[in-house]
Structures are given as C-alpha cells and as structure tokens.
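Structural characterization, general
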Amino acid sequence: MLTADRLSAPTATIPVAVAHGDGIGPEIMGAVLRILEAAGARIDPRPIEIGERVYRSGISSGIDDEALATLAATRVLLKAPITTPQGGGFKSLNVTIRKMFGLYANVRPSRALAPFVPTLHPAMDLVIVRENEEDVYGGIEHQQTADVTQCLKLITRSGTERIVRYAFEYARANGRKRVTCFSKDNIMKITDGLFHRVFEEISAEYPEIAHEHMIVDIGAAKLAVNPERFDVIVLPNLYGDILSDIAAELCGSVGMAGSANVGDDIAMFEAIHGSAPDIAGLGIANPSGLLNAAVMMLAHIGQSEIAQRVQNAWLRTVEEGLHTRDIYGAQSVRCLSTAEFADAVIARLGTSPQRLTPPALGKAVLTTAAKNQSQTPAPRKEHVGVDVFLDWTPGRANDLAAKLIAASAQSKLALTMITNRGTQVWPRASEMTRCVDHWRCRFMGEGPIDGLLIAALLESIARAGFDTIKTEGLYTFDGKPGYSLGQGQ
Ligand code: NAD
C-alpha cells in the first residue's frame, strides 16, 4: 500500500517520478519544482521521458519500459501535460498510465478564489470524483459496415463499487457532507443503470453523508448555473472528463485546477488542463494547476506541513493580484510570466493569505476505499438467445425477416425481432424509420441454449449469403434479462 512503510517516515526523502511533458509542460514543471525546492519539499525527482518525443520514436503508447520501471519503483508520479499526436495509431498516454497502474479514481477539486480570480460563483467549492478506467475509454471501437461505427461502453459492478465507495470515503475523510451521482440511466438502463444502482446500494453504508442522483443533462445544467449547491460529485469517466473542465473554468481558469489519479499502489498528480500548444514557449502559462496537484502529492507522501506552506504562499500571491495572463483582469495588480509567478510564490513562502481561507489539505489517497469491496454473490446466469448483427444493404425489414426465417428453419432458435439502430422494424415497424445497413436480428430459444446451437444458426445464416458482423449472447441474470429490448417493444 502506498501510505505504508516508506511514506510514513516524517523526514525521509521520497523518490518521485517527474514527467516534464510537452507544450507548456516543461515551463510549468520547471516553475513548480523550483517552488517545491524552495519550500523544502523532501523529494528526490526522477525524470522520466513520456509523450510526444516517445510517440515519434515509434512507441505508440507514448511511454517506454524505462519510464514504466521508474514509475513502478517510485509509485508516485508528478506529471506535466503531454500532447497526444493526432491521427491513427497513437494511444492516449494518460489512459494507458491510468489503466496500466489501476488508477481508478480521478479526483478534481474546484474551489473559487473570489474576488481575486473573477468568477460568477464565489462560493463554489466542489470535488469531482471521476471514474478513470472504464466507460468508453477502453478504446474498443469498430467500423462494422460502410455506414456504421461503434464504440463499446463498459461499466462494471466492481469498478463502480470502487469509485462510488471511494467518493463516499473521500467525503468522510475530508469533511464533505453530500455526494451527488450523475448518470444517464433513463437511456442507458443497463450500463448507467448499474452505476446508479450501485451508488444507491453503497450510499446506505454512509448514513451520515447525504446522497442524491441526477440525470447527467440536468445535473450538468445545474452545475453550470449553480455550482455552489454541489459538494462531491461522482460520475462515470466521460461525463467526469467533460464536467471537471467545466467546473474548473467556472472557478476562473482551467489553468488553476490540479488532480490526483489514485490507485491501490500508485498515485499520479497532474493539472487537469492539456499541453496548451497555443501558448507553448511563450512563458505565460499558469503553473497553478500543476502546483495544486503537487500540493496534493505532498500531502499524500506525508509532507503536509510543506504542502500547507506552498498553498499559503500561492494563495497570498493570488490575493496580492500577482497573476498570470489567463486570470489577469481588473482585479489584478501585475501580469506575470510563468517564471515570475514562481518567484512571487517563493518570495511569499512562510506567509499566509490575508483574506482567502486556505482549504484543509485534501486527503486524496485513501487506503480504506478499495478494501471494503462488497461480496455480491454471483447471479445465476442463463443463456437464452443471441443478437446477430448483419451488414445488409438497406431494404425492407419484412424481406430480411423472411430470408432469415427461411435460413434458420432447422434451428431451435427463432427470429423474434429485428431492430435498426435500436429501433424495432420487425415484426412491428413505423414507415418513417430511416434504416441503415446495420441490422440487429434477435433469435431466442424456448429454454436455455448453448454455443453449439448458435454456431449452427450462424452457419445457416452464412450459407444464406449474409455478412454477420458480430453477435451478442443474450443472458438472464437471476431470471432478469441482461439485454436491452428494442424500442417499440
Ligand atoms: P488545453 O487544456 O491544452 O488548452 C485549452 C485552452 O486553455 C487553451 O487556450 C490554452 O492556452 C488554455 N490553457 C490550458 N492550460 C493553461 C495554463 N496552465 N495557463 C494558461 N492557459 C492555459 O486543451 P487542448 O488545446 O484541447 O489540448 C492540447 C493538447 O493537450 C492535446 O494534445 C491534448 O490531447 C492534450 N491534453 C493532455 C492532457 C494531459 O496530459 N493530462 C489533458 C488534456 C489534453
């Protein structure tokens, strides 16, 4: 575990992997490391090379074995943003690191610094806990027909339990009062439905913390106009990615927010923003997001007093109106470069803010969260049918049904439904439904079925000249269907 052994000695120097990144990365990392050194942080930075240069050298993941080994040894990474090259073949390094090291929780605090940083929401103080490994970020995508592409959205019970429990443990450890869950389970009843259901189950273990659920569209709207009403928000990966940028921007600038990516064994700390190629090399980037991430890192490695020192000096600098260009405005006194901003923070080490209240240092890495995984008994699973997806040039669904019924005459599986882009077109149909070349044809058995029946069915469909682009097994779990029904059923 991260917090045990080597992190517990109060005066130990902790090796930390440091990635300088791309674009503005080296500028803001340089500024942050100078501040940490001046503040007396007991860290031993071990530089690793990741990002654009590594991609260009032919490593499609953007990280080489040496960097991975350093990371595995230090178990702490302070990371500047990197550029993911456009075009095919390059994997997102961030996604790779998160998944490779099991960094399942992405913790993104957003707190207003009014009146020193202009915001419409001076009382805003929320934390987004974003699930970090699942959802559409598996990168499992296919083009299936001339017309149709798909992306697989994976939501697991175990992953959801981890992130939801993490959110409640985070709330408990950090004196937060309410956890809100966003999902879109009115549409994605199985995937987002699971996320919501697990949220309700786990919330019962934390009776002292209020909980609520919102459909993500109205939740996002409320977040945009009234972020003050939120405390901790837990949500699946994609919604969390989008909404945490919005939350940071509502506070004044996306350049101010830091984040912790937390796993059982490794934690990665980074700004939430990207490599900002539009301002790279100009020396004007705001290093605050990465600095706030570094403050979270110091708290994590047991150097809370240094973290507090850095945070106080940073708040004092912001309070005195010494601002980088992204937050420079009528309330500012001077517009500073990245390096000048770092100098200003260093000059204020040992001072405290006069008007802003320093927030309690957040505890982002929680060893309690992952331990308490509930032991839900495995449900009884029965195979009851198969959805066969066909690439078939648009024609009439009735014709397709007739051909499939003829092709499967010897099968013990019967055609029960055809949908096109999820809308039922056989046996019932609307004349107005626009059909594409992608047909889901549902075959059901009279009782439990097996793979041999499906293999025989697929053979007869292939012999009839159809192009099967994929199949999905249809299962019941404890007697309940584990598959969506066609709209119109
Ligand atoms: P971005 O966050 O880099 O920039 C968005 C806007 O915010 C730009 O106008 C930029 O100038 C401004 N900005 C961002 N950080 C700032 C700072 N510290 N100070 C002042 N202004 C700042 O987003 P983008 O332009 O969409 O992405 C650029 C690259 O970054 C892409 O290659 C993307 O893949 C990558 N990216 C990396 C990470 C990461 O490494 N964690 C995260 C997001 C995007």
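Not measured: the values here are computed from a predicted model.

Rules behind the numbers
Residues numbered from 1 in each chain as written. Predicted model: local features only at pLDDT ≥ 70, side-chain atom pairs only at ≥ 80, totals over all residues. Heavy atoms only, no water. Pairing = 2+ DSSP bridges. Helix = DSSP H or I, 4+ residues; strand = E, 2+ residues; numbered from the N terminus. Contact = heavy atoms within 4.5 Å. Axes fitted to C-alpha atoms, helices over the stretch in contact; angles between N-to-C directions. Near = heavy atom within 4 Å. Polar contact = N/O pair within 3.5 Å; in protein donor to acceptor, adjacent residues only side chain to side chain. Areas by Shrake-Rupley, 256 points an atom, 1.4 Å probe, with all protein chains shown as cover. Nonpolar A, V, L, I, M, F, W, Y, C, P; charged D, E, K, R; others polar. Phe/Tyr/Trp six-rings, centres within 6.5 Å; stacked < 30°, edge-to-face > 60°. Buried < 20%, exposed > 50% of the residue type's maximum accessible area, 1.4 Å probe, protein only. Patch = residues over 30% accessible without salt bridge, like charges linked within 9 Å, V, L, I, M, F, W, Y side chains within 5 Å. Salt bridge = Lys/Arg side-chain N within 4 Å of Asp/Glu carboxyl O. Lys, Arg positive; Asp, Glu negative; His and termini not counted. Expected span 1.5 Å × (residues − 1). Domains from an automatic or database assignment. Buried area = accessible area lost by both parts, 1.4 Å probe. Left-handed = near helix turned anticlockwise from the far one by under 90°.

Side note on the sheet that holds strand 19 (residues 467-477)
- Strands sit in the order 17-16-18-15-19-20 across an open sheet of 6 strands; the sheet is antiparallel. Edge positions in the sheet fall to strand 17 (423-426) and strand 20 (480-481), since each of these pairs with one other strand and no more.
- Of the pairings in the sheet, the one linking strand 15 (residues 381-391) to strand 19 comprises 10 bridges and is antiparallel in character. Within strand 19, the residue paired with H383 across the bridge is Y475.
- With respect to the sheet, helix 13 (residues 397-407) is in contact with strand 15, strand 16 (414-420), strand 17 and strand 18 (438-444), its orientation differing from that of strand 16 by roughly 150 degrees.
- This element, helix 14 (residues 451-463), spans strand 15, strand 18 and strand 19 of the sheet and lies at about 15 degrees to strand 15.

A short note on the site of the ligand
- Taken together, 20 residues lie near the ligand, and I82, G274, A276, D278 and N286 sit nearest.
- At 3.1 Å from a nitrogen atom of the ligand is found a side-chain nitrogen or oxygen belonging to E270.
- When the ligand is considered free in solution it has 820 Å² of accessible area, and contact with the protein chains removes 68% of it.
- A per-class count over the shell around the ligand returns 8 nonpolar, 8 polar and 4 charged.

Details of the packing of aromatic side chains
- As enumerated under the stated definition, the model contains 7 aromatic pairs in all.
- The interplanar angle of 15 degrees and the centroid separation of 5.1 Å between the aromatic rings of F168 and Y206 together place this pair among those described as stacked. Within this pair, whereas F168 is found in helix 5 (residues 157-173), its partner Y206 is found in the loop between helix 6 (191-203) and strand 9 (210-215), the two being separated by 38 residues in sequence.
- A relative accessible area of 0% means that F168 is categorised as buried.
- When the ring of W392 is compared with that of W439, the centres are 5.5 Å apart and the planes differ by 70 degrees; the resulting orientation is edge-to-face.

Looking at a nonpolar patch on the surface
- Together, L238, I242 and I246 make up an exposed nonpolar region whose accessible area comes to about 220 Å².
- On the secondary structure map, I246 appears in helix 8 (residues 237-250).
- The exposure class assigned to I246 is partly exposed, which follows from its relative accessible area of 34%.

So, the side chain of N132
- Summarising the element assignment, N132 is placed in the loop between strand 5 (125-131) and strand 6 (141-143).
- Judged by its relative accessible area of 3%, N132 is buried.
- Side chain to side chain, N132 and N106 meet in a polar contact 3.4 Å long.
- With residues up to four places along the chain from it excluded, the contact list for N132 reads R98, L103, Y104, A105, N106, N237 and N261.

Things to note about the side chain of D437
- Mapping D437 onto the fold places it in the loop between strand 17 and strand 18.
- Of the side chains with opposite charge, R434 comes closest to the buried, unpaired D437, at an N-O distance of 8.4 Å.
- Look past the residues within four positions of D437 in its chain and what remains in contact with it is T145, A146, D147, V148, L390, D391, W392, T393 and P394.

Some remarks on helix 1 (residues 25-39)
- Between its first and last C-alpha atoms helix 1 spans 21 Å; for 15 residues at 1.5 Å apiece the expected length is 21 Å, and the two agree.
- Turning to helix 1, its buried residues number three or more, namely G25, I28, M29, A31, V32, L33, I35, L36 and A39.
- Elements in contact with the buried residues of helix 1: strand 1 (14-19), strand 2 (43-48), strand 3 (76-79), helix 9 (288-300), helix 10 (304-319) and helix 11 (338-347).
- With its phi angle positive at about 85 degrees, G40 sits one or two positions after the end of helix 1.

A few points about the domain arrangement of the protein
- Per the domain assignment, the segments making up the protein are domain 1 (1-101 + 265-361), domain 2 (125-250) and domain 3 (381-481).
- Taken residue by residue, the interface counts 5 residues in domain 1 and 9 residues in domain 2.
- Between domain 1 and domain 2, roughly 580 Å² of surface is buried when both sides are summed, and carbon and sulfur atoms account for 46% of that area.
- Sorting the residues of domain 1 by area buried against domain 2 places R98, K99 and I272 first, and these three jointly supply 79% of that buried surface.
- Our count for the domain 1 to domain 2 interface comes out at 0 salt bridges.
- Between the two partners, domain 1 and domain 2, sit 1 residue pair in polar contact (both at pLDDT 80 or more).

Some details on the environment of V179
- Residue placement: V179 occurs in strand 8 (residues 178-183).
- Overall, the relative accessible area of 0% leaves V179 in the buried class.
- A C-alpha to C-alpha distance of 8.6 Å links V179 and S203, two positions 24 residues apart in sequence.
- Once residues within four sequence positions are removed from consideration, V179 is found in contact with A167, F168, A171, F199, I209, A210, H211, E212, V232 and V234.

Some remarks on the packing of helix 10 against helix 11
- Where helix 10 meets helix 11, the closest approach of the two axes is 8 Å, and the angle between their N-to-C directions is 115 degrees. Between helix 10 and helix 11 lies a crossing whose hand is right-handed. On the side of helix 10, the interface is formed by A313, W314, T317 and V318, while helix 11 contributes F341, A344 and V345.
- A class-by-class count of the residues in the contact of helix 10 with helix 11 yields 6 nonpolar, 1 polar and no charged.

Considerations on the sheet that holds strand 5
- Strand order across the open sheet formed by 10 strands is 2-1-3-12-11-4-5-10-8-9, with mixed pairing between neighbours. Each edge of the open sheet carries a strand with a single partner, namely strand 2 and strand 9. Shown here is a sheet whose adjacent strand axes are inclined to one another by a mean of 25 degrees, direction ignored.
- Pairing between strand 4 (residues 105-111) and strand 11 (residues 258-262): 3 bridges, direction antiparallel. Across the sheet, the residue bridging to N106 is N261, located in strand 11.
- Packed on one face of the sheet, helix 7 (residues 216-225) meets strand 5, strand 8, strand 9 and strand 10 (232-235) and runs near 110 degrees to strand 9.

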